[in-house]
Structures are given as structure tokens and as C-alpha cells.
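Architecture and fold: a report
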2 protein chains.
Amino acid sequence: MLPKVGSYKFHIESYVCDFQGKATLPIIGNFILQAATMHASERGFGYDEMSESDAAWVLSRLSIQMNDYPGYDQFLTVETWIEDVARFFTQRCFRFIDKEGKTIGHARSIWAAIDMQTRRPIDIEVWRPELKNFIDTEKECPIDKLAKILPVRNVEPTMGYSVRYSDIDINKHMNSIKYIEHVINIFDLDVFKKKMIHKFEMVYLAEGGFGDKLKLYRLDSSEDECLVDTKRGEESICRSRITWK
Amino acid sequence: MLPKVGSYKFHIESYVCDFQGKATLPIIGNFILQAATMHASERGFGYDEMSESDAAWVLSRLSIQMNDYPGYDQFLTVETWIEDVARFFTQRCFRFIDKEGKTIGHARSIWAAIDMQTRRPIDIEVWRPELKNFIDTEKECPIDKLAKILPVRNVEPTMGYSVRYSDIDINKHMNSIKYIEHVINIFDLDVFKKKMIHKFEMVYLAEGGFGDKLKLYRLDSSEDECLVDTKRGEESICRSRITWK
């Protein structure tokens, strides 16, 4: 059996860097998805195996906490492992390691397996009992479990966008990470010069599709905390909380 | 001396694929930039060496012609070499090779070296005479040289966008490839289901900066050809021609 923890190395190309030469948060998100995809695939429950059963993994919650971001031309190692499997959800954790071997961040994610026809969740414990064999009970992920994110009400939308070609992923739905890119695009460059995103939490509530007109509602809940609610009409598609440092 | 042709291999991760599981045109553009960056860097005229002289390479024209796009989890090899150096411009070509070793496309690009303070072009032949040693006169790039792209006039803008955080690159200007992403976002998903972008040509005329409000003017010049003019007010920032197949 393969080890419980998978480890994947990514090179920070110039085109994944922001104006300060650091990998952006959405890129860390892409690495998370890629590491999860490879870890699952190598262990027999990846994209191909899921597709054969007309099923897919859907990201339900994501929380990323970074103390630093890797810079241009550096390498970032992403470790991932399964923390828990409970009926409709699996919890997967991540550790980010810089070129010197230092831990620079962690992430937690919650995934549901859905039936592609009905788009309803599948009982993972019944459907894929072998997943439990990969749970790593030793490995610790020292960031808080995702707390509730309140809806943003009684404010005007900060920004709006239509879901376009570049937002749609291989599963034909809005790419989970593209929501994050649109969320952090509400901030001025000056904000990124003064501080960095220390923690980013996201709850996915509904799926956006091509042509949807989405609006972003922003609430600065404290000096270093901001809530952003992405809505289609009155319906929240996803809610995020940003903690600056 | 290093060989004149540089060869770089890229893995097609899920997050660089579109809804049909193929790498997108902007991703091919990113690979082009990355291959050019590495080729230049290895030969002593890359980002770091340029920065030391307070100079930078700026993309002036780009033409990409693809007969196929690499799919998810495949590898794409990008070859690049210098075709010509003439005073203010260098011409760099690219060949794209799929996992079976088949050529699936080519690209041509024209670059200027600019002084970062004055933002004016530098005479490359005087400033970096050694660049001429890398010109490959043998290697052929079987796609047409970039023809003029006419401005689009007398039409209403199709789409508009503001330049945001995710558009700005490590050189603190709008990323050359992000313009392409916004341009191809004007098309409906159905268009991509019926045909593919066979050729994409771009002329860069001015630099977009953070907060700029840009508008896209579209002219379908024939059934399989479309011109898109990206403007800031009355000024063209870049002009593109798309040929479908």
C-alpha cells in the first residue's frame, strides 16, 4: 500500500507570481487541488476512477493559512493526507514546505463525492470503504477547523462578474479556485503592499455555471478581517473570510 | 556554449484545462513566456541579468498557431530559439511537441528590451552583441510572419473589465497573457464546442496598469476570423486576430 501521506513538488513559474514576485493565493489553491487529485488518483479514487462510476469529488470547504508565500523560481512541496471519512464527507489536510524545508502554511479541505447525474452526494463509507484505510491519525494539521461564515447583508455589491470560458473547469462547472481569484480581485494593490493574506476560508454552497452573473458583497468586519459573499441574485454561491497579517 | 535551441517540458495539470479537458490558449501563452524566460536566463540575458541593468524584455507581438491542444495529464514540450536580432527587436520562435513526439503547433514572437526607468527601447545589437551568437539560421518556423491587425471601429464594445490584482505580473504591469484570457472570454462556450482557435495573433501597443478600465471591440471579419481591439478610452492597448478551425 502506498504511504498515507502524498508529497508533491511545484515550481513557481513567473506567470503564477503577483506584482511582488510571490505565488498568489489562488495558485496555492491550484496546487492544493492538483496535490489532492494526484494523491487520490495514485490510491485508486481519482478523477478517472470517479468518472467511471459517473461520480466526482466536489470541494465543499477550504481553509488556507500561510505564514509566507513562495517566491519566483522557488520550489514548494505540498503534502496531503486524509484526516477523516464520515458518510458524505472526507476531510483532507495539507502542509506547505518551502525550499529550505520550513513549514510555511497548512490547509484543510472538506470534499463530497457526488453522483454526476443527480448531483446528489454519495455515502462514501458505503461506496468506497477502502478510503478509511488511508486515514492518517498521527499527522497533525495545526489550524482551526472551519468555523461558520455569516452571510453579508445590507450592503451594496462591491463588484460583479459574469462566469466566462476561463472560469469553467474540466468538470464543466465554475472552477473552485476561480471564485477565490475573483474574491481577492476586490482589493486594491496597495492593500497587498501593506499586508498579506494570512488566512483564507471558503464555504462552497452552490455551483456557478457559464453565463451566471455573480455579485460580490464585502463586509470589513474588523481591521484585519473581511467577509465576502458571492451571490447569484439572492442566493449565496460561496462565502469567504479573509484574515490579513 | 549552450545549444541554440532550448527545450522545456510542461505537465498539463487539471487547473490549466478548459471544460473540454484541453490546455487553454492562454496556458500555451504562459508556457511560451516561461520557455522564453528560461532560455534567456540560461544563456545570460534573462530576468535577473536584465534587472541588474534596470532593463526588461517586453513582448511586442505574438502569433500562436495550433493544430491541436494537449489534454489533461499529458506532457507538452516547448522548443524555443532566436530567429533574428535587429536593433530594437529580437524575434523568437517556438515549436510545440505532444507526448508522441508529433509537432502540434508553432509560435512567433517579437520582443523589445526596454529601460525600466524611461520605458524606452534599448538598441539590443549595441547593448547585448552576444545575442547574435544564439541566432539559429537553420531551424524553420513554418508559420507566417505577423501581418498588420487593423483597428476595430464603429462598433459598440462587447465587454469591459478593470485591470485587477490577478492581471498584474511580476514586472508590475498587466500580464501579456491576461489580455489574451480576457479576449477569448468574449466567446460563448458553444463556440468552443464547435471549433477551436487555430491561430491567435496579438499586437501589443501600450501597457495597461492597475485600475485601468479596458473595453473590448469585436468584429467578425469572416465566418472563421474575428478581430478584437482592446482599448483604454480611444487608445488601442492591444489588437488581436483569431482564426477558428
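Look above for the structure.
One structure accompanies this document, and this report is about it. Residue indices begin from 1 for each chain and proceed along its sequence in written order. Following the order in which they are written, the chains are lettered starting with A and the ligands numbered starting with 1. In view of the model being predicted, local features appear only for residues whose pLDDT reaches at least 70, and side-chain atom pairs are presented and counted only at 80 or more, with totals across whole chains, interfaces and linings using the full set of residues. Hydrogens are left out, water is left out, and the side-chain values use all remaining heavy atoms of the structure.

Glancing now at the interface of chain B and chain A. Any pair of residues with heavy atoms lying within 4.5 Å of one another is described as a contacting pair. The interface of chain B with chain A comprises 33 residues on the first partner and 33 residues on the second. We define buried area as the total accessible area lost by two parts upon association, computed with a 1.4 Å probe and summed across both. Counting the surface chain B buries against chain A, the share from its top three residues, Tyr 15, Tyr 165 and Ile 170 of chain B, is 25%. Its salt-bridge partner being Lys 178 of chain B, residue Glu 181 of chain A comes within 3.1 Å of it at the nearest N-O pair. Identification of polar contacts relies on pairs of N or O atoms within 3.5 Å, with a donor-acceptor requirement for protein atoms, meaning one able to donate a hydrogen and the other able to accept it, and with residues adjacent in sequence counted only if both atoms are side-chain atoms. On inspection of chain B and its partner chain A, the count reaches 16 residue pairs in polar contact (both at pLDDT 80 or more). The element contributing the most residues to the side of chain B that touches chain A is helix 1 (residues 25-42) of chain B, with four residues. Residue composition of the side of chain B that touches chain A, grouped by class: 16 nonpolar, nine polar and eight charged. In the sections that follow, a salt bridge refers to a side-chain nitrogen of Lys or Arg positioned within 4 Å of a carboxyl oxygen of Asp or Glu. The secondary structure listing takes helices from DSSP runs of H or I that are at least 4 residues long and strands from runs of E that are at least 2 residues long, numbered from the N terminus. Residues are grouped as follows: Ala, Val, Leu, Ile, Met, Phe, Trp, Tyr, Cys and Pro are nonpolar; Asp, Glu, Lys and Arg are charged; all remaining types, including Gly, are polar.

Further remarks concern helix 1 (residues 25-42) of chain A. All names here are of chain A. Over its 18 residues, helix 1 extends 26 Å from the first C-alpha to the last, a length consistent with the 26 Å expected when each residue adds 1.5 Å. For helix 1, the tally of buried residues reaches 15 of 18 residues, placing the bulk of the element in the interior. Phi turns positive, to about 90°, at Gly 44, one or two residues after helix 1. The span you would expect from a helix comes to 1.5 Å times its residue count less one. A simple rule labels every residue: compare its accessible area, found with a 1.4 Å probe on the protein chains alone, to the largest value its type can have, and call it buried under 20%, exposed over 50%, or partly exposed in between.

Bringing the packing of helix 1 of chain A against helix 4 (residues 176-184) of chain A into the picture now. Residue and element names in this part refer to chain A. Angles run from 0 to 180 degrees between N-to-C directions of axes, and those axes are lines fitted to C-alpha atoms, restricted for helices to the stretch in contact. In the contact formed by helix 1 and helix 4, the axes pass within 9 Å of each other and the chain directions differ by 170°. One element, helix 1, and the other, helix 4, form an angle in the roughly antiparallel class. On helix 4, the residues touching Leu 25, Pro 26, Gly 29, Asn 30 and Leu 33 of helix 1 are Ile 177, Ile 180, Glu 181 and Ile 184. Its residues assigned to classes, the contact of helix 1 with helix 4 shows six nonpolar, two polar and one charged. Roughly parallel refers to an angle under 35 degrees, roughly antiparallel to one over 145, roughly perpendicular to one between 65 and 115, and oblique to any angle outside these ranges.

With an RMSD of 0.0 Å, chain B superimposes on chain A once it is rotated by 180° and translated 0.0 Å along the axis. Between the two chains, the operation in question is that of a two-fold axis. Minimal C-alpha separation from the rotation axis in chain B is found for Tyr 161 of chain B, amounting to 4.5 Å. A high fraction, 100%, of the interface residues of chain B reappear at the interface in chain A, so the copies pair face to face through one surface. Superposition of the copies was done by least squares, using only C-alpha atoms of residues whose pLDDT is at least 70 in both.

The next thing to look at is the state of the cysteines. Residue and element names in this part refer to chain A. Note on terminology: pairs of cysteine sulfur atoms within 2.5 Å are recorded as disulfides. This structure, assessed with the given rule, holds zero disulfides over all chains. Left without a disulfide partner, Cys 141 is nearest to the cysteine sulfur of Cys 93, which lies 3.8 Å away. Its relative accessible area of 7% is what places Cys 141 among the buried residues.

Once that is clear, we can look at the pairing of strand 7 (residues 197-204) of chain A. Residues and elements named next belong to chain A. Of all eight residues in strand 7, eight are buried, a share of seventy percent or more. Strands qualify as paired when DSSP identifies two bridges or more between them. Here five bridges tie strand 2 (residues 55-66) to strand 7, and the two strands are oriented antiparallel to one another. Residue Ser 63 lies in a different strand from strand 7, and its bridge partner there is Glu 201. Inspection of the sheet shows strand 7 paired to strand 10 (residues 235-244) by seven bridges, in the antiparallel sense. Its bridge partner being in strand 10, Glu 201 is matched across the sheet by Arg 241.

All names here are of chain A. Spatially, ten strands are ordered 1-3-4-5-2-7-10-9-8-6 in an open sheet, and the strand pairing comes out antiparallel. Strands at the two margins of the open sheet, each flanked by one partner only, are strand 1 (6-11) and strand 6 (159-162). Neighbouring strand axes in the sheet, compared pairwise and without regard to direction, differ in orientation by 25° on average. Pairing of strand 8 (residues 213-222) with strand 9 (residues 225-232), which is carried by seven bridges, proceeds in the antiparallel orientation. Residue pairing in the sheet places Leu 216 in a bridge with Thr 230 of strand 9. Against the sheet, helix 1 touches strand 1, strand 2, strand 3 (75-86), strand 4 (89-97), strand 5 (103-115) and strand 7, its axis set at about 140° to strand 1.

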